[in-house]
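An overview of the molecular structure
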Amino acid sequence: MCGIVGYVGKSEAMPIVLEALSRLEYRGYDSAGVAINNGRGIQVSRRVGKLKVLAEALRRKPLKGATGIGHTRWATHGEPTEFNAHPHSDCSGKLVLVHNGIIENYAELKERLINAGHRFRSKTDTEVVAHLVEEYAKRHPIEQAFRLALKDLRGSYALCLLSQDAPGKIFGARNGSPLLIGLGKGESLFGSDATAIMERTRKVLYLNDLEVVELTQQGAKVTTLSGKAVTRKPTTVNWNIASARKGGYPHYMLKEIHEQPDAVRQTIVGRLTADPLRLVFDKRTARFLKTLDPRTRFVILGCGTAYHAGLVGEYMLEEFAKLPVVVDLASEFRYRGPMLDKHTTVLAITQSGETADTLAGIRMAKAQGAKVLAICNVMGSSIAREADAVLYTHAGPEIAVASTKAYTCQVTTLALLTLFLAKARRGISPAQWRKLAEGLLQLPETLEKTLQQEAHIKTIAAKYMRVRDFYYLGRRYNYPSALEGALKLKEICPLIHAEGYAAGEMKHGPISLIRRGWPVMFVATDSPVYEKVLSNLEEVRARKGSCIVVASEGDQQARRHADHLITVPKTDEFLSPIVAAIPLQLFAYYMADANGCDIDQPPNLAKSVTVE
Ligand code: M6R
């Protein structure tokens, strides 16, 4: 997730582009850059770090011109360095562009372009687009070259392109990543969302996927990829800036819950493809995994939500990759005197890549000769840099303290890792592999469908809002779901005490508290232990507890047993924790909202725990 902007008009573009970028910094902030076309040439300025670093550089050396583009980056391909920062240029520097999204087939395009004599300066997927347009522009006018290049791209993009030879124009296009147009008086803008353009105009033209735009100060010419004219009326945006930044949602947490289908899609894209059904990782990670000692054991480390993702990973890797796995809280691991050696693979899971305990854990592991693989959301973070290999989650920046999309992307990445190792270690049959991989490819749509339960979940939360204790129960893959559901609720609704347990543990103690009306959230989706979960449910009902049940669609038995039923689409059990996370997040959110809690910044908590 990155932020992109464009401006064409009568005023100086640089301050307007910078102002628009400042509104988009929540979308990425590891580096930033602008490019200004003044008709004689395109000047580019890029800096690593937050936007203020770039702003300071531009204050000392301003760029002049009335057409400009800008970018604030959340690295996906290539570390956050100046070379990898956007905008990116072709060989001549006459074509300059910014991009948000992931170009899935960039490696093959890059090879083709290098063979055709192009010189690359960055490690990004984006730079291929500039060279690709340059290649087509040798034989076609720029508009057509841009269109032809787009046709070669697989993956997601929102793009803004400057051509030195078209000073009053910006070319734009989108597919799978957001891009809209602002229509002002004698000026036009591009933005990743409405916040970027709202200072200048409230008149917005939303773009659909596979639409191409030629933007001038007079307005926008929108066409389909095949060149058919598109006519669409602009809409007027009435939001204030703060709510626009949250995409119209009242809280970042709710916005991030809704971003999950897309975040999971971005995490899968470029790794697992449907046709042919194939799973590839970046070279470094693939090499790391292929050279693992066949007798290696995995030690998964994480804190809080990341630890819960690790618990799901334990089930996945043991069942399908046939690997011995233990999961440890990073804060315990480092003081436990664990037995590690070169046959151990430590898998560190972290959104921020900066959590002090996890970082100390991997340092200790490396010192004892273990290999370290990380699942991380922040490129260039300490853990990403110190690990031997990294599988990035592509969740984009997570702003709410409560982790939602980072969690589902971590579990998605664990599913990808499991499929990779299951194949390499011949842990499952090809038919079973295919079935799991197809389920994973379907996951974004499955999550979209799951989100349709929102209004129903809100109604249930309204019924329980005054309750002050909660149990969450699940088994096998959804035992971690129970822990995560309870953590979400107590984290953002600190008035409520919530505990998650493995449902089979009930009889060993927690059941003593169950009495009339005591609420228990069950995760009872399809699984080999489904009947056992229902037995646990009966035990709660026998003591007059109140059961909210998350079950698979069409489950009549759960309907009969539940006080309140939330259904989710059927999936293989392997993926069910990702699907079940959504109703649990929404329930916590609406409980907190009904209780007037500070949802995005709950008391006593910080987004990144960089101290012990
Ligand atoms: O950045 P990390 O994933 O390493 O953070 C770990 C935990 O601090 C984090 O998951 C925390 O538990 C979340 N706030 C939970 O929602």
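On a predicted model such as this, the values are computed, not experimentally measured, just so you know.

Cut-offs used in this document
- Residues numbered from 1 in each chain as written.
- Predicted model: local features only at pLDDT ≥ 70, side-chain atom pairs only at ≥ 80, totals over all residues.
- Heavy atoms only, no water.
- Helix = DSSP H or I, 4+ residues; strand = E, 2+ residues; numbered from the N terminus.
- Rg over C-alpha atoms; globule rule 2.2 N^0.38 Å.
- Buried < 20%, exposed > 50% of the residue type's maximum accessible area, 1.4 Å probe, protein only.
- Lys, Arg positive; Asp, Glu negative; His and termini not counted.
- Charge placed at Lys NZ, Arg CZ, Asp CG, Glu CD.
- Near = heavy atom within 4 Å.
- Polar contact = N/O pair within 3.5 Å; in protein donor to acceptor, adjacent residues only side chain to side chain.
- Areas by Shrake-Rupley, 256 points an atom, 1.4 Å probe, with all protein chains shown as cover.
- Core = buried A, V, L, I, M, F, W, Y, C linked by side-chain atoms within 4.5 Å.
- Contact = heavy atoms within 4.5 Å.
- Pairing = 2+ DSSP bridges.
- Axes fitted to C-alpha atoms, helices over the stretch in contact; angles between N-to-C directions.
- Domains from an automatic or database assignment.
- Buried area = accessible area lost by both parts, 1.4 Å probe.
- Salt bridge = Lys/Arg side-chain N within 4 Å of Asp/Glu carboxyl O.
- Nonpolar A, V, L, I, M, F, W, Y, C, P; charged D, E, K, R; others polar.

Attention now moves to the overall build of the protein. When its secondary structure is counted, the protein shows 20 helices and 26 strands. Relative to a compact globule of 612 residues, whose C-alpha radius of gyration would be 25 Å, the protein shows 25 Å and is just as compact. With respect to the principal axes defined by its C-alpha atoms, the protein has extents near 80 × 55 × 45 Å. The proportion of buried residues among the 612 residues of the protein is 61%. Computing the positive centroid from 80 side-chain charges and the negative centroid from 63, the protein places the two 3 Å apart.

Moving on, we come to the site of the ligand. Every one of the 13 residues lining the ligand counts as a neighbour, but Thr 350, Gln 351, Ser 352, Thr 355 and Glu 491 are closest to it. At a separation of 3.0 Å, a nitrogen atom of the ligand approaches a polar backbone atom of Val 401. At 2.6 Å, a side-chain N or O of Glu 491 approaches a nitrogen atom of the ligand. Notes on the ligand: free accessible area 410 Å², of which the protein chains cover 91%. For the shell around the ligand, the secondary structure elements donating two or more residues are helix H10 (304-320) and helix H17 (479-492). Ranked by residues supplied to the shell around the ligand, first place goes to H10 with three residues.

Within soluble globular proteins, side chains that are nonpolar tend to cluster in buried spots. Counting 122 residues, the largest nonpolar core has Leu 421, Phe 470, Tyr 472 and Phe 587 as its most contacted members. The greatest single-element share of this core, amounting to 13 residues, is contributed by helix H20 (residues 576-594). Ignoring anything within four residues of it in the chain, the contact list for Tyr 472 reads Ala 482, Gly 485, Ala 486, Leu 489, Ala 498, Glu 499, Gly 500, Tyr 501, Met 521, Leu 584 and Phe 587.

At the junction of His 86 and Pro 87, the peptide bond is cis and its omega measures out at -5° in the coordinates. Tracing the backbone shows Pro 87 in the loop between strand S4 (67-73) and strand S5 (88-89). Geometrically, the link from Asp 275 to Pro 276 is a cis peptide bond, its omega value of 5° lying close to zero. One can find Pro 276 in the loop between strand S15 (272-273) and strand S16 (278-279). A positive phi is found at Leu 210, a non-glycine position, where the angle reads about 60°.

Attention now moves to the sheet that holds strand S9 (residues 180-183). Spatial ordering of the open sheet is given by S3-S2-S4-S1-S10-S9-S11-S14, a layout of eight strands whose pairing is antiparallel. Of all strands in the sheet, those bounded by a partner on one side alone are strand S3 (42-48) and strand S14 (235-236). Helix H1 (residues 13-23) rests against strand S1 (3-8), strand S2 (31-37), S4 and strand S10 (188-191) of the sheet, and its axis sits at about 30° to S4. Its contacts with the sheet put helix H2 (residues 51-60) on S2 and S3, and the angle it makes with S3 is roughly 135°.

With that out of the way, let us pick up the environment of Ile 102. For Ile 102, the position within the fold is in the loop between strand S6 (95-100) and helix H3 (106-115). Residue classification places Ile 102 among the buried positions, given a relative accessible area of 3%. Those residues in contact with Ile 102, other than ones at most four positions away along the chain, are Thr 76, His 77, Asp 125, Arg 154, Gly 155, Ser 156, Gln 266, Val 269 and His 394.

The next subject is the domain arrangement of the protein. You can read the domains of the protein as domain 1 (3-245), domain 2 (257-441) and domain 3 (450-594). On a C-alpha basis, the centres of domain 1 and domain 2 stand 33 Å from each other. Contacts between the two partners involve 15 residues from domain 1 and, on the opposite side, 15 residues from domain 2. Summing both sides of the interface, domain 1 and domain 2 together bury roughly 1,200 Å²; the carbon and sulfur share of this comes to 62%. For the domain 1 face of the interface with domain 2, the top three residues by lost area are Trp 74, Ile 102 and Glu 104, together amounting to 45%. The tally of links between domain 1 and domain 2 comes to zero salt bridges. Counting every contact that joins domain 1 to domain 2 gives one residue pair in polar contact (both at pLDDT 80 or more). Broken down by class, the residue content of the side of domain 1 that touches domain 2 amounts to six nonpolar, six polar and three charged.

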